[in-house]
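# Structural characterization, general
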Amino acid sequence: MSHLLAPPLPAGYRVPKGSHVLISRIGLGQNPTVWDEPHRFKPERHMEDDADVVLTESEMRFISFGTRRRGCVATSLGTAMTVMLFGRLLQGFTWSKPSEVTSIDLSESKNNLYMANPLVLHAEPRLPAHLYNLQL
């Protein structure tokens, strides 16, 4: 998700300033009007002579390598593990806000995908004690 800095957008669309825009990786990386032979693996088309390859590349030159067979092989595994961990946390604990917290603020940051304020909760075990066998 990108944060739009200016109202005008190509192709006649008008998006209000401050809107969040979802970018289609497949649409960008496989568009034949933009790329010569978009389905062919040609990483050199994204490189400039003096460009450094970094993981935090802000110009989206490597966006087409984030999906399908060129994407990260661990994405599905990581997603499944995160969902299972979240499910286990929900199953194993009763969650409540600390007494000093008056309300829970779920608003997002204006600059990134993080929350504007950290979420602080209290976890109380709700299953039998032997299921929380912590051997550190």
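Residues numbered from 1 in each chain as written. Predicted model: local features only at pLDDT ≥ 70, side-chain atom pairs only at ≥ 80, totals over all residues. Heavy atoms only, no water.

### Overview of the overall build of the chain
- Looking only at helices and strands, the chain features two helices and four strands.
- Scanning the chain from its N terminus toward the C terminus, one meets helices and strands in the order β-β-α-α-β-β.
- Split into buried and exposed, the 136 residues of the chain put 13% on the buried side.
- When contacts within the chain are restricted to residue pairs at least 6 apart in sequence, long-range pairs at least 24 apart make up 40% of them.
- Here the chain has roughly 11,700 Å² of accessible surface; of this, 60% comes from carbon and sulfur atoms. (Helix = DSSP H or I, 4+ residues; strand = E, 2+ residues; numbered from the N terminus. Buried < 20%, exposed > 50% of the residue type's maximum accessible area, 1.4 Å probe, protein only. Contact = heavy atoms within 4.5 Å. Areas by Shrake-Rupley, 256 points an atom, 1.4 Å probe, with all protein chains shown as cover.)

### Re the side chain of serine 109
- Checked against the element boundaries, serine 109 lands in the loop between β3 (93-96) and β4 (122-125).
- Owing to a relative accessible area of 14%, serine 109 belongs among the buried residues under this scheme.
- With residues up to four places along the chain from it excluded, the contact list for serine 109 reads Tyr114, Met115 and Ala116.

### Comments concerning the pattern of salt bridges
- Applying the stated criterion across every chain yields a total of one salt bridge.
- Among the ionic pairs, arginine 40 bridges to glutamate 37, the shortest N-O distance being 3.6 Å. (Salt bridge = Lys/Arg side-chain N within 4 Å of Asp/Glu carboxyl O.)

### Observations concerning unusual backbone geometry
- You will see that glutamate 37, though not glycine, has its phi angle at about 50°, which is positive.
- Along the chain, glutamate 37 turns up in the loop between α1 (25-29) and α2 (75-92).

### Remarks on the confidence of the model for the chain
- For the chain, the average pLDDT comes to 77, and 68% of its residues sit at 70 or higher.
- When mean pLDDT is compared element by element in the chain, β3 scores highest at 94, while strand β1 (residues 2-3) scores lowest at 54. (pLDDT = per-residue confidence, 0-100.)

### Concerning the layout of surface pockets
- Considered as a void within the structure, the second largest pocket measures approximately 230 Å³ in volume.
- Residues of the lining of the second largest pocket, tallied by class, amount to seven nonpolar, two polar and one charged. (1 Å grid on protein atoms, 1.4 Å probe; cavity = no way out; pocket = protein on both sides within 12 Å on 5 of 7 lines; lining within 4 Å. Points joined across faces, edges and corners; volume = space filled by probe spheres on them. Nonpolar A, V, L, I, M, F, W, Y, C, P; charged D, E, K, R; others polar.)

### Examining the packing of aromatic side chains
- Tallying each qualifying case throughout the model produces two aromatic pairs.
- Taken together, the ring pairs in this structure connect Phe93, Trp95 and Tyr132 into an aromatic cluster. (Phe/Tyr/Trp six-rings, centres within 6.5 Å; stacked < 30°, edge-to-face > 60°.)

### Things to note about the environment of proline 118
- Tracing the sequence through the fold places proline 118 in the loop between β3 and β4.
- With a relative accessible area of 71%, proline 118 lands in the exposed category.

### Topic: a nonpolar patch on the surface
- The grouping of Leu85, Phe86, Leu89, Leu90, Trp95, Ile104, Leu106, Met115, Leu119 and Leu121 at the surface amounts to a nonpolar patch, some 920 Å² of accessible area in total.
- Of the residues forming the nonpolar patch, the biggest block, four residues, is contributed by α2.
- In this structure, leucine 121 sits in the loop between β3 and β4. (Patch = residues over 30% accessible without salt bridge, like charges linked within 9 Å, V, L, I, M, F, W, Y side chains within 5 Å.)

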